[in-house]
Amino acid sequence: MTRHRYRGRFAPSPSGPLHFGSLISALGSYLDAKAQGGEWWLRIDDLDPPRITPGATDAILRALEAYGLLWDGTVQYQNQRNQAYVAALEVLQGLGVVYACGCTRREIADSSVGGATAAIYPGTCRAGLAPGKAGHAWRVDTRGAHVCFEDRLQGLIEQDLERAAGDFIVQRADGWFAYQLAAVVDDAELGITDIVRGADLIDSTLRQVYLQRLLKLPSQRYLHLPVAVNALGEKLSKQTLASSLEMTFPQSSLIRALAFLKHPPPLALQRAPVAEILSWAIAHWKPAGLPPARTIELKP
Ligand code: GLU
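Keep in mind that this is a model prediction, so the values were computed, not measured.

## Things to note about the state of the cysteines
Per the counting criterion, the structure on display carries zero disulfides. Summary of cysteine pairing: Cys101 is not part of a disulfide, and the nearest cysteine sulfur, belonging to Cys103, is at 4.0 Å. Here Cys101 falls in the buried class, since its relative accessible area comes to 3%.

Shown next, in the form of structure tokens:
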């Protein structure tokens, strides 16, 4: 069997500039790749036009540079990859594991089952589109889909997809491909061997593992990092008004992020150039020392 050299990636969505929460994901995936002599690639998940903030991609690239998180290879952009997603959808259609769905949000909300927080699609259109329904999305049939993967930090994760998530969308009614399908196709295309990202994406990983299985694409090793939350348990994000990263003196946020990841650098490095702090962190990176928690409260 061929052993692939470690290739990791960071895949931010350009919905705003990087904040402390995204720095943790970027840093964790960077350190894990570099500590294993691997490559670290950058992909911009710019598939969802309404969520894209003008200038955000550029701000993300500049912030990564200021923090010394220099990527390998050329930056990948999802909005240039439509053909590959179309081909993957055609494979799923050929397998008969996806179906067209013409339900409106209102219809789904009215008929959804389970889950108090997210509406679980009850499979209304599995047997075919109702007459007169135009413009439709494509959903994956999750009946009988029991999915599991071994996370390097969080342990065994498993789920009955139909019950927990329901038939999820791979192409939206407006024609845009869903992140779940795009991520699986792109990670395979780039030969990604390892994914290190926030534990808020564990449910997405389960759907992605299922798509990999259907598309016969290689899977990756996964490490889901604890996510920084505020006192209300909310993830730091643009919605919770997380402030963008400090650009003139990156050392202080970098050191705070390392402390969050249980790798606080020695005091002597507090004012050192970011490259020196990162070299220390690469040499000392031991992800086994991270708490296997999905969230950690960030104290002010
Ligand atoms: N772009 C997505 C996000 O920022 C997913 C990232 C990933 O697949 O690692 O949440």
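Continuing now.
## Quick notes on the sheet that holds strand E4 (residues 98-101)
Reading across from one edge, E4-E5-E8 is the order of the three strands in this open sheet, with antiparallel pairing throughout. One side of each edge strand has no neighbouring strand; the edge strands of this open sheet are E4 and strand E8 (169-171). Between one strand axis and the next, the sheet turns through 40° on average, direction left out of account. By the bridge criterion, four bridges tie E4 to strand E5 (residues 137-140) in an arrangement that is antiparallel. By the bridge assignment for E5, Val98 is matched with Val140.

## So, the packing of aromatic side chains
To describe a pair of aromatic rings, you give the distance between the ring centres and the angle between the ring planes. For the structure on display, the rule yields four aromatic pairs. Within the aromatic cluster, the residues linked to one another by ring pairs are Phe10, Tyr30 and Trp40. Directly above the ring of Tyr121 sits Arg139, whose terminal nitrogen or CZ lies 3.8 Å from the centroid.

Quick notes on the rules
- Residues numbered from 1 in each chain as written.
- Predicted model: local features only at pLDDT ≥ 70, side-chain atom pairs only at ≥ 80, totals over all residues.
- Heavy atoms only, no water.
- Disulfide = S-S within 2.5 Å.
- Buried < 20%, exposed > 50% of the residue type's maximum accessible area, 1.4 Å probe, protein only.
- Pairing = 2+ DSSP bridges.
- Helix = DSSP H or I, 4+ residues; strand = E, 2+ residues; numbered from the N terminus.
- Axes fitted to C-alpha atoms, helices over the stretch in contact; angles between N-to-C directions.
- Phe/Tyr/Trp six-rings, centres within 6.5 Å; stacked < 30°, edge-to-face > 60°.
- Lys NZ or Arg CZ within 6 Å of the ring centre and 35° of its normal.

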